[in-house]
Amino acid sequence: MALPWFERNLNFGYAPKMLPFFLERLHGTVIRLEEKTRGIDDKILSKKLEGKWSIKENIGHLAEVDEIGNKRIGEMTSGAAILSPAVFEPKDYNPWSIEKVLDFFRKTRLANLKKYKTLSEEQLKKSSLHPRLKVQMTPVDLAWFDAEHDDHHLVKINEILDYTLNQ
Amino acid sequence: MKAQQTKWFDRKFDFSSEQSIFPSIIERLNGTPARLEEKIKSVSEEVLNEKINGGWSIKENIGHLVDLEPLWMGRLEDILTKETYLRTADLTNSKTDQANHNTRSINDLLKEFRSVRTLTKKRLESLSDENIFLSALHPRLKTPMRTMDHFLFVAEHDDHHLVTINNILHTLKNKFHAPAL
């Protein structure tokens, strides 16, 4: 069982020169998800094990986090003291086709990548307080944070697949 | 994008975490073949073979990842058998320079990388929690490197070469009409 996300110790303070690596990771998540879900029965993709999120819900969650991330990038570069809280209005992704869920995530992810690529080095050094972690976070830190968060949910999806395919 | 990427040998690594994030690291390593395949799927042969300023071509960058997989697995065995130091890497990368990866087809290179990486993934999935926190000294960095740290290092090294490939594609996009990133 993977370490719960909210128990992760996370260190920030990444230099702007690290951003290309983090953007490459963020870009790769869509491709990894496509490969991971290819050929998987829709019943498995929608299955909630012990009431937890299904595979589709894990992917939809990443898209919702991207929408908040997009807003937070703007807050950091405009000098906001504190970032907006991560408040979600979850949708029911299980009736959606996997293609539709992936397409939703692809759109939010490409929007964020595009936004990161417009930032100057000066903007990449601006920071705001993360409301839950109580640490200063720059856009570079956010890119790394989201890449780690992606991996966390890819592992959750692996756990669902391992359990259902090996039953 | 204004930010330039840090050179590999200038990178600093933080191996201080006491928490196990090994499943995430295995997942990252498992994702590299698909990311490479997607990146070069509609890239022409001349772009795949092009060496900019004497640097490695895209094929050579991928071949280098294949070349290094035995080192990564050898170092895992060094940790598990409680060697003091991890085995040294050839910092001149002569194996890749001499391999003539440009003469191979891109499909062969990608297939071989997927094959060796799948074996790595299976080996890592078989390790116990105790194995993940065993360590040996890294010969260049002179710091203790646990199994978890070592494979985080490998995942970062993968990303370094994926970004290098992005830079090649970006540089050549006008010369050969390579696909936009």
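Residues numbered from 1 in each chain as written. Chains lettered and ligands numbered in written order. Predicted model: local features only at pLDDT ≥ 70, side-chain atom pairs only at ≥ 80, totals over all residues.

**Notes on the overall build of chain B**
Assigned secondary structure in chain B consists of 7 helices and 2 strands. Within chain B, the fraction of its 181 residues that count as buried is 34%. Across chain B, the fraction of contacts at a sequence separation of at least 24, relative to all contacts at a separation of at least 6, is 75%. (Helix = DSSP H or I, 4+ residues; strand = E, 2+ residues; numbered from the N terminus. Buried ≥ 20, exposed ≤ 12 C-beta atoms within 10 Å, placed from the backbone. Contact = placed C-beta atoms within 7 Å.)

**Section: helix H3 (residues 55-77) of chain A**
Over its 23 residues, H3 of chain A runs 33 Å from end to end, which matches the ideal 33 Å to within 8%, given 1.5 Å per residue. After H3 of chain A finishes, the residue glycine 79 of chain A shows a positive phi value of roughly 85°. (Expected span 1.5 Å × (residues − 1).)

**Side note on the confidence of the model for chain B**
Scored by pLDDT, chain B has a mean of 89; 89% of the residues are at 70 or more. Two numbers describe this predicted complex: its pTM, 0.91, and its ipTM, 0.91. (pLDDT = per-residue confidence, 0-100.)

**Here we look at unusual backbone geometry**
What is expected of a backbone is that most residues other than glycine have negative phi and most peptide bonds are trans. The backbone phi angle of glutamate 50 of chain A is positive, close to 50°, even though this residue is not glycine. Mapped onto the elements of the fold, glutamate 50 of chain A is located in the loop between helix H2 (42-45) and H3. Take glutamate 50 of chain A: there are 5 C-beta atoms within 10 Å of it, and that puts it in the exposed class. In this structure, lysine 82 of chain B is a non-glycine residue whose phi angle is positive, near 65°. Judged by the 9 C-beta atoms lying within 10 Å of it, lysine 82 of chain B falls in the exposed class.

**A closer look at the interface of chain A and chain B**
On the side of chain B, 24 residues touch chain A, which itself brings 26 residues to the contact. Among the elements of the structure, helix H1 (19-37), helix H5 (121-124) and helix H6 (139-165) of chain A are those that each provide at least two residues to the side of chain A that touches chain B. If one sorts the elements of the side of chain A that touches chain B by residue count, H1 of chain A sits on top with 9 residues. Looking at side-chain class alone, the side of chain A that touches chain B contains 11 nonpolar, 6 polar and 9 charged residues. (Nonpolar A, V, L, I, M, F, W, Y, C, P; charged D, E, K, R; others polar.)

**Focus: the nonpolar core**
Core analysis: the biggest nonpolar cluster contains 51 residues, and Phe22 and Ala143 of chain A together with Ile25 of chain B have the highest contact counts within it. Ranked by the residues each element gives to this core, the list is headed by helix H7 (residues 147-172) of chain B, at 10 residues. Each residue touching phenylalanine 22 of chain A, except ones within four places of it in the same chain, is listed here: Val140, Ala143, Trp144 and Ala147 of chain A. Leu33, Leu62, Phe105 and Val155 of chain A belong to the second largest nonpolar core, which has 16 residues in total. (Core = buried A, V, L, I, M, F, W, Y, C linked by C-beta atoms within 7 Å.)

**Digging into the packing of H3 of chain A against helix H4 (residues 98-117) of chain A**
Residues and elements named next belong to chain A. Interaxial distance between H3 and H4 falls to 9 Å at its minimum, and their mutual angle equals 20°. Classified by the angle their axes make, H3 and H4 are roughly parallel. Both H3 and H4 take part in a crossing whose hand is left-handed. In this structure, H3 uses Lys56, Ile59, Gly60, Leu62, Ala63, Asp66, Glu67, Gly69, Asn70 and Ile73 to contact H4, whose residues at the interface are Ile98, Val101, Leu102, Phe104, Phe105, Thr108, Arg109, Ala111, Asn112, Lys115 and Tyr116. Residue classes in the contact of H3 with H4 are distributed as 11 nonpolar, 5 polar and 5 charged. (Axes fitted to C-alpha atoms, helices over the stretch in contact; angles between N-to-C directions. Parallel < 35°, antiparallel > 145°, perpendicular 65-115°, else oblique. Left-handed = near helix turned anticlockwise from the far one by under 90°.)

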